[in-house]
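An overview of the molecular structure
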Amino acid sequence: MNTPGSQSFRAFRIHSDRESHRAGIEEMRSDELTPGEVLVKVAYSSVNYKDALAGSGKGKILRRSPLNGGIDVAGYVAASTDPAFKEGDEVLCTGSGLSETRDGGYAQYARLESKWTIRLPAGLTLRESMIIGTAGFTAALSLYRMQQNGQTAELGPIVVTGASGGVGSLAIDILTRAGYEAHAISGKLEHFDDLIALGAKQCISRKDLYWGQRPLETSRWAGAIDNVGGDMLSGLTRVIHPYGNIACCGNAASIDLATTVMPLIIRGVSLLGIASAGTARDIRDAVWQHLGSDWRPAHLDRIATREVGIDALPSVFDDLLAGGSSGRTLVTL
Ligand SMILES: NC(=O)c1ccc[n+]([C@@H]2O[C@H](COP(=O)([O-])OP(=O)(O)OC[C@H]3O[C@@H](n4cnc5c(N)ncnc54)[C@H](OP(=O)(O)O)[C@@H]3O)[C@@H](O)[C@H]2O)c1
């Protein structure tokens, strides 16, 4: 095997335990990476909310320490002990323990488990696959699960919360591409024009929302993709049409959920849990195939609002956690 084991490279490495947190650029060698069959020369990674929590120490994401950050990675196979992959193959991986139990994508090399290594789908470049990354995969997984549970475009519009964020903006694009009418709820009025450009047919200010307080209010949408949690998700449960689905993706505002059984037992509304990191391999493959073809986001260049190296990560994390950023940040290695 042609492993460049002794060659040193740069990594954004996180040391995090109960007592202390530090993260920054370090030199390491590929034989120091967590084990796996497929050594990848990394081309791109991205910044997700979870990366910001892990890298800043504001959330307990790492389950061992130290680790390289970055829950997403895309690049070229440098060496593989699994004959399914050969040198030069273009591959990607999202979630699957990256920056949680194994070294992630914020480094010039990553060593992946072949069972979680995805061949780059036809229809996407490595760069595009990382503009999509975990955020777009999560948005597409939401639609996949909603459709499996009976959602169709004919049932009516789908509302997306936290719409200017990574998952939100990709959800608007993907829903539109898949033939759905997408509505956006956002706290950023200045981004309404961008959301309309992605395909949103209506933009609603988060600050102007009033749901009413009854367990069931007049229904407004056929389904929802929620990135926010708390009062937003509680409100959504009261206003979804009969047999609609709510994909529960995130907790940008809160982990709380206060609702009643009424939407479930009177309207047959379903609350679907979305956990992208642990998605089974067959579903992972199916979702990436959609992302490279019929659900391929049409506005990836518009959604990629920033492109940075690993040195700039700390300031990107601060912006993201302050709720001030929009779209996706691509990381170039
Ligand atoms: N389930 C999964 O597998 C999975 C995967 C990826 C991400 N997530 C979760 O999904 C959420 C979004 O992730 P992301 O990467 O898209 O993050 P992001 O880019 O930071 O987007 C989050 C968006 O939520 C809105 N928001 C932020 N703070 C808020 C608040 N206090 N109240 C209401 N809205 C607020 C903002 O959008 P507006 O200003 O437009 O409202 C913000 O842009 C996060 O909670 C993340 O942990 C889950």
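Everything here concerns the structure above.
Residues numbered from 1 in each chain as written. Predicted model: local features only at pLDDT ≥ 70, side-chain atom pairs only at ≥ 80, totals over all residues. Heavy atoms only, no water.

**Topic: the overall build of the protein chain**
The line we're drawing: Only DSSP runs of H or I reaching four residues or more are called helices, and only runs of E reaching two or more are called strands; each is numbered from the N terminus. Atoms counted for the radius of gyration: C-alpha only. Globule rule: 2.2 Å times the number of residues to the power 0.38. Residue exposure (1.4 Å probe, protein chains only): buried if accessible area is under 20% of the type maximum, exposed if over 50%, otherwise partly exposed.
Helices and strands together make up the secondary structure of the protein chain, namely 9 helices and 16 strands. Relative to its length of 333 residues, the protein chain is compact, with a C-alpha radius of gyration of 20 Å against a globular reference of 20 Å. The C-alpha extent of the protein chain, read off along each of the three principal axes, is 65 × 40 × 35 Å. With 333 residues in all, the protein chain has 55% of them scored as buried.

**Notes on the nonpolar core**
Stated formally: Here the nonpolar core consists of buried residues drawn from Ala, Val, Leu, Ile, Met, Phe, Trp, Tyr and Cys, with membership extended through side-chain atoms lying within 4.5 Å. Only heavy atoms enter the contact rule, under which two residues are in contact if any of them lie within 4.5 Å.
In terms of nonpolar packing, the biggest core is built from 47 residues, with Ile 174, Leu 175, Ile 225 and Trp 288 touching the most fellow members. Elements with a minimum of two residues in this core: strand 3 (38–47), helix 2 (126–148), strand 9 (158–161), helix 3 (166–177), strand 10 (182–186), helix 4 (192–198), helix 7 (281–292) and helix 8 (300–303). When residues in this core are grouped by element, the largest group, 12 residues, is from helix 2. Those residues within four positions of Ile 225 in sequence are excluded, and the remaining contacts are Ala 139, Ser 142, Met 146, Ile 158, Val 159, Val 160, Thr 161, Ala 171, Leu 175, Ala 247 and Cys 249.

**Some details on the pattern of salt bridges**
When the charged atoms of two side chains with opposite charge come close together, those side chains can pair. Let me state the cut-off plainly: A pair is scored as a salt bridge if a Lys or Arg side-chain nitrogen falls within 4 Å of a carboxyl oxygen belonging to Asp or Glu.
Tallied over the entire structure, the rule returns 18 salt bridges. Its salt-bridge partner being Glu 307, residue Arg 127 comes within 2.8 Å of it at the nearest N-O pair. A residue pair is termed long-range when its members are at least 10 positions apart, and Arg 127 in helix 2 and Glu 307 in strand 15 (residues 304–308) qualify at 180 residues. Between Arg 296 and Glu 128 there is a salt bridge, with the nearest N and O atoms lying 2.7 Å from each other. Of the two residues, Arg 296 sits in the loop between helix 7 and helix 8 while Glu 128 sits in helix 2, which places them 168 residues apart along the sequence.

**Concerning the sheet that holds strand 4 (residues 67–68)**
Rules: Whether two strands pair depends on DSSP finding at least two bridges between them.
Reading across the sheet, the 3 strands line up as 2-1-4 and stay open at both edges, with antiparallel pairing between neighbours. Two strands in the sheet have a free side with no partner beyond their single neighbour: strand 2 (21–29) and strand 4. Here 9 bridges tie strand 1 (residues 8–16) to strand 2, and the two strands are oriented antiparallel to one another. The residue bridging His 15 from the neighbouring strand is Arg 22, located in strand 2.

**Considerations on the packing of helix 1 (residues 49–56) against helix 9 (residues 313–321)**
Under the convention used in this document: Note on geometry: axes are lines fitted to C-alpha atoms, helical ones only across the stretch in contact, with angles between N-to-C directions running from 0 to 180 degrees. The cut-offs work like this: below 35 degrees is roughly parallel, past 145 is roughly antiparallel, 65 to 115 is roughly perpendicular, and the gaps in between are oblique. Crossings are sorted by hand: turned counterclockwise from the far helix by less than a right angle, the near helix makes the crossing left-handed, and turned clockwise it makes it right-handed. Charged residues are taken to be Asp, Glu, Lys and Arg, nonpolar residues to be Ala, Val, Leu, Ile, Met, Phe, Trp, Tyr, Cys and Pro, and polar residues to be all remaining types, Gly included.
Between helix 1 and helix 9, whose axes approach to 9 Å, the crossing angle comes to 120°. Compared by their axis directions, helix 1 and helix 9 come out oblique. Considering the relative orientation of helix 1 and helix 9, their crossing is left-handed. Of the residues in helix 9, those in contact with Tyr 49, Asp 51, Ala 52, Leu 53, Gly 55 and Ser 56 of helix 1 are Phe 317, Leu 320 and Leu 321. Classifying every residue of the contact of helix 1 with helix 9 by side-chain character gives 6 nonpolar, 2 polar and 1 charged.

**Thoughts on the site of the ligand**
To keep things clear, this is the line we draw: Near, as used in this document, describes a residue that has one of its heavy atoms within 4 Å of the molecule or strand being considered. Polar contact is defined as a pair of N or O atoms within 3.5 Å, subject to the rule that within protein one atom must be able to donate a hydrogen and the other to accept it, and that residues adjacent in sequence are counted only when both atoms are side-chain atoms. Computed with the Shrake-Rupley method and a 1.4 Å probe, the accessible areas treat only the protein chains shown as cover for residues.
As a matter of local geometry, the ligand sits amid 25 residues, with Ser 164, Val 167, Ser 186, Ile 274 and Ser 276 nearest to it. Backbone polar atom of Gly 166 to an oxygen atom of the ligand: 2.9 Å apart, as the coordinates give it. One nitrogen or oxygen atom from the main chain of Ile 274 is found 2.7 Å from a nitrogen atom belonging to the ligand. Taken by itself the ligand offers 910 Å² of open surface, and the protein chains cover 86% of this. Of the residues in the shell around the ligand, the class split is 10 nonpolar, 13 polar and 2 charged.

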